[in-house]
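Breakdown of the fold
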Amino acid sequence: MIHHSSDCPNIKIGVRKIKHALNSYASLAFLIPTGWKVGDLPPPKFLIFFDSILEAINAALYLHKCLPSDMQDKIKWFNADMMGEYKDVELAHLISGATWGYCMTDSFGMGIDVPDIMLIIQW
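The notes below deal with the structure included here. Predicted, not measured: the structure shown is a model, and the values here were computed from it. (Residues numbered from 1 in each chain as written. Predicted model: local features only at pLDDT ≥ 70, side-chain atom pairs only at ≥ 80, totals over all residues. Heavy atoms only, no water.)

Re the pairing of strand β1 (residues 46–49)
Burial of β1 is two-sided: the residues Phe 46 and Ile 48 facing one way and the residues Leu 47 and Phe 49 facing the other way are all buried. Of the pairings in the sheet, the one linking β1 to strand β3 (residues 101–104) comprises four bridges and is parallel in character. Counterpart to Phe 49 in the pairing with β3 is Met 104. Two strands pair when backbone bridges link them, and β1 and strand β4 (residues 119–122) are joined in this way by four bridges, in the parallel orientation. Residue pairing across strands places Ile 48 opposite Ile 121, the latter belonging to β4. (Buried < 20%, exposed > 50% of the residue type's maximum accessible area, 1.4 Å probe, protein only. Helix = DSSP H or I, 4+ residues; strand = E, 2+ residues; numbered from the N terminus. Pairing = 2+ DSSP bridges.)

Here is the structure:
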């Protein structure tokens, strides 16, 4: 029998109280600093998991409103209805930093390895 420690000092578990109505997604606003503008440091890479496709899309649309219009493509949604080729392209965008975060169902997270994702959120 082999035992491995699950002690990972670089991984933290945190809980945030949801302060707004769930369907407003306003409790995700902390991901984009207030007043963020082009030229500021990008927010840390993130993945937000949702139980439904519609929730993922609506959350991404809410986060778009927190960004200047020409930067809204930095946050995207992903679900199982999207093609495998799209996932491959989008994974490359996440790794390169062209995309900052995804609102998604668990279909995107299966089998990916992106070492610099700083936040993973279960909504």
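Let us keep going from here.
Examining the side chain of Lys 74
Inspection of the secondary structure puts Lys 74 in the loop between α1 (53–64) and β2 (75–78). It is Asp 73 that comes nearest to the buried, bridge-free Lys 74 among opposite-charge side chains, at 5.2 Å. When neighbours within four sequence positions are excluded, Lys 74 is seen to be in contact with Ala 98, Thr 99, Trp 100 and Gly 101. (Lys, Arg positive; Asp, Glu negative; His and termini not counted. Salt bridge = Lys/Arg side-chain N within 4 Å of Asp/Glu carboxyl O. Contact = heavy atoms within 4.5 Å.)

A few points about the packing of aromatic side chains
For the structure shown, the criterion picks out five aromatic pairs. Between the aromatic rings of Tyr 25 and Trp 123, the centroid separation amounts to 5.9 Å while the plane-to-plane angle is 40°, which identifies the pairing as tilted. Remark: Trp 123 occurs in the segment after β4 and Tyr 25 occurs in the segment before β1; sequence separation between them is 98 residues. The class for Tyr 25 is buried, based on a relative accessible area of 6%. The buried category is assigned to Trp 123, whose relative accessible area is 17%. Geometrically, the ring pair formed by Phe 50 and Trp 123 is tilted, given 6.2 Å between the ring centres and 45° between the ring planes. Of the two residues, Phe 50 sits in the loop between β1 and α1 while Trp 123 sits in the segment after β4, which places them 73 residues apart along the sequence. (Phe/Tyr/Trp six-rings, centres within 6.5 Å; stacked < 30°, edge-to-face > 60°.)

Description of the environment of Asn 58
Tracing the backbone shows Asn 58 in helix α1. Remark: the alpha-carbon pair of Asn 58 and Asn 23, spanning 35 residues in sequence, is separated by 8.2 Å.

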